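# Descriptive structure summary
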Amino acid sequence: MGESSMNLVESATRNNKMEEVEREEEQEQEMDPESNNPLHQTLIKRNRTLSSNPLALVGEKVSYIESLDYEINENDLFKHGWRSRSRVEALQYIFLKWLLASLVGFLTGIIATLINLAVENIAGYKFLAVLQYINGERYLTGFLYFAGVNFVLTFVAAILCVCFAPTAAGPGIPEIKAYLNGVDTPNMFGATTLIVKIIGSIGAVSAGLDLGKEGPLVHIGSCIASLLGQGGPDNYRIKWRWLRYFNNDCDRRDLITCGASSGVCAAFRSPVGGVLFALEEVATWWRSALLWRTFFCTAVVVVVLRAFIEICNSGKCGLFGAGGLIMFDVSNVTVRYHVMDILPVVVIGIIGGLLGSLYNHLLHKVLRLYNLINQKGKVHKVLLSLAVVLFTSACQYGLPFLAKCTPCDSSLRDAESVCPTNGRSGNFKQFNCPPGQYNDLATLLLTTNDDAVRNIFSTNTPHEYQPSSLIIFFVLYCILGLITFGIAVPTGLFLPIILMGSAYGRLLGMFMGPHTKIDQGLFAVLGAASLMAGSMRMTVSLCVIFLELTSNLLLLPITMIVLLIAKTVGDCFNPSIYEIILHLKGLPFMDANPESWMRNLTVGELVDVKPAVISLQGVEKVAKIVDVLKNTTHNGFPVMDDGVVPPVGQANGATELHGLILRAHLIQALKKKFFLKERRRTEEWEVRQKFTWVELAEREGKIEEVAITREEMEMFVDLHPLTNTTPFTVLESISVAKAMILFRQVGLRHLLVVPKYQASGVSPVVGILTRQDLLAYNILTVFPHLAKSKSRQKRN
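Everything numeric here is computed off the predicted structure, so don't read it as measured data. (Residues numbered from 1 in each chain as written. Predicted model: local features only at pLDDT ≥ 70, side-chain atom pairs only at ≥ 80, totals over all residues. Heavy atoms only, no water.)

### Considerations on the environment of F277
Spelled out, the test is: Numbering of helices and strands runs from the N terminus, with a helix taken as a DSSP run of H or I at least four residues long and a strand as a DSSP run of E at least two residues long. Exposed residues in this analysis have more than 50% of their type's maximum accessible area, buried residues have under 20%, and partly exposed residues fall in between, with area computed by a 1.4 Å probe over protein chains only. In what follows, residue pairs with any heavy atoms lying within 4.5 Å of each other are defined as contacts.
With respect to the secondary-structure elements, F277 resides in helix α11 (residues 271-282). Taking relative accessible area as the criterion, F277 reaches 0% and is therefore assigned buried. Placed 268 residues apart in sequence, F277 and I545 show a C-alpha to C-alpha distance of 8.9 Å. Apart from residues lying up to four places away in sequence, F277 is in contact with I173, V218, V264, V282, F494, M538 and S541.

### Observations regarding helix α10 (residues 249-268)
The periodicity of an α-helix, 3.6 residues per turn, causes residues three or four positions apart to be oriented the same way. The criterion, for reference: Helix span, as expected, comes to 1.5 Å for every residue beyond the first. Within 3.5 Å is the distance limit for a polar contact, defined as a pair of N or O atoms, with the added protein rule that one can donate a hydrogen and the other accept it, and that residues adjacent in sequence qualify only through two side-chain atoms.
Helix length check: α10, at 20 residues, gives a terminal C-alpha distance of 29 Å against a target of 28 Å (1.5 Å per residue), a fit within 8%. Among the 20 residues that make up α10, 19 are buried, leaving the element largely enclosed by the rest of the structure. Two or three places before C250, at the opening of α10, N248 has a side-chain oxygen 3.2 Å from that residue's backbone nitrogen. In the stretch just after α10, R269 is the one whose phi turns positive, near 55°.

### Digging into the pattern of salt bridges
Any two side chains of opposite charge can pair, so long as their charged atoms come close to each other. Here is the rule we go by: Only one rule defines a salt bridge in this text: a Lys or Arg side-chain nitrogen within 4 Å of an Asp or Glu carboxyl oxygen.
Applying the stated rule across the entire model yields 19 salt bridges. The shortest N-O distance in the salt bridge between D450 and K213 comes to 2.5 Å. Linking D450 in helix α16 (residues 449-456) with K213 in the loop between α7 (191-206) and α8 (214-230), this pair joins segments that are 237 residues apart in sequence. The exposure class assigned to D450 is buried, which follows from its relative accessible area of 4%. A relative accessible area of 6% places K213 in the buried class. In this structure, E620 engages K624 in a salt bridge whose closest nitrogen and oxygen atoms are separated by 3.9 Å. Here the salt bridges do not stand alone but share partners, grouping R253, D254, R287 and R293 into one network.

### A closer look at helix α25 (residues 663-671)
Within α25, 7 of the 9 residues are buried, which leaves the element mostly enclosed by the surrounding structure. For α25, every residue scored as buried is listed here: R663, H665, L666, I667, Q668, A669 and L670. Contact partners of the buried residues in α25: β7 (616-617), α24 (622-631), β9 (636-644), β10 (654-662) and β11 (716-718). The first or second residue beyond α25 is K673, which carries a positive phi of 55°.

Structural data, given as structure tokens:
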């Protein structure tokens, strides 16, 4: 485990090595003036063979990473199954898609409600007991009880994540982004991961850690979608005929997209925001039919949440009541602003972009440090989590003693928000203050994170918080946000960033109070939006989420301005937080926009620095297939036929590219003993006796599990019926930038490179490009000269 983790740390320092190579080249050029002459420079400099590192950190385990088969495999079996499908079967397939989408939304809404109920009641009764100890001036007993409960809750969450489901730790959103981008992330969507994620989220959020349940809910929704699509856990799958139609990567991708959008909807009660989050942040491939299904899925989530909220408002859910969901309803608040109010709005956006990029930079450093700690073993992971919760508990309990007591406003004594409020959620915690006064810092720290958001977002309360209390709260949650994310519990980034942003937003509202008509609570909303855009770099989905949270269309213009400015400022310094995590984990995520220097490099030049392509004959010997599978790790092989007479041209024979066959299909042919005693083509009925097109979607099995006798080694396999006859191909003269755009937009796993010139004796395939071959850092290791041109473009 330690050695594998060190490999990940080395891959994370790849950029530093490239900078050292660049500096060495600049020093050499300074020593040799002739080298600066562009006539003496080669266009491309390469120094080694293009290789890939298929290892990545998934959860807390270094795993072998493969790509997914999103492309439709159009072989003979698929074409026959598509032609023979009746209208009833097609309607069943469509109906089942919508049924699964509704089940994903329903189950996600149920689980989100149960998580909220558990968190509000566990944390609520904990705070009630602590406040009773404080009112009785038993301060040490109160702290021991508070820290002890938080310690036990975090210990349970950390033990479950470390020992049973390491992939349940963290938010899970980066891995979901990678999966929807085409990267298989092992053990991310299993039943054990789902159960640990639910229990761990309840424990970690109830313990008062600076994290939210929004990221885990996205992962939970994706796990539900994956399990429904494949018929349950791996060991207990339901072999229902209808479900077998969904046993492929393409349909599973669509269901997981629905699950991710339903998770965001369950977290914020924002159906349109959930759809746009999936579209803007996690999904790589999109179409109109998927838009309708995700929207339907989030609508089901909202209906479920609304039903449970109605039940809980009647007092049947313990301490849940109006809490449990981040809901800031300002539909009754009059939002007033003028042209001069644009200035503080712009200032909030700039501050959010600067602080968001700084937060990303510091969190990157902390996560690299945590990797070094976590590689020492499971005990260190648990101890790190427990140390963080003890520090958090000490700060949350001790810092309110530094705040001054504030007299209650006489107008609030008989209002619904009684001052002070000690029994349930409210803005005025008495803490250690005399009757008729409250501790403003305790209302933010000694409460659940959701209630803290509601309290700091409160409107028409200009004198509720002291500037010193907001400064303490902001600094504390900046520190807690950095040290909490990365421990071995389910964590979410949304809520910590909302709390930090709302604190400095309300502070700015205090200072700008005499010069603006915008309420301090609305300043807090704008501050939270700006920091989220500055860190996560989302705009459209965040705007709709905050719009649905506030239920006030008048906030739309200034929210849009804040988000656009914050994202623009943040992009000037570093990538989004999820891109940083993807890079740290080593997941081969393919960006939407290729690097500019990729247009100066052709795919033919990439193929030249790769090992020679391994091809198979249309009717191949079993021994050759076994040898290829055992001695290579490739997942796709071109299938060719020699001596084919072309329909036009000279009839002296040519080499035909029949298509591409996958490793999984070769293993299926060997397992089913699809052998021939002589070299010949099979009939259609012979193939259908052995295979169905649904079976070919499965990716189970390894070559080591297949037993082949010596006699069978001399037999033959007809690969024509199993070969994808419509693979995507590009000319060797096409630029890497164009190839990367095609690869990402279509969702490919293999891209065949064909020669620019066709001639007798020339192979119809020059090479094969995969995801790893098109990643920027892999290309720069072979062509370091391009890294120098990249740095020049940045300086210019």
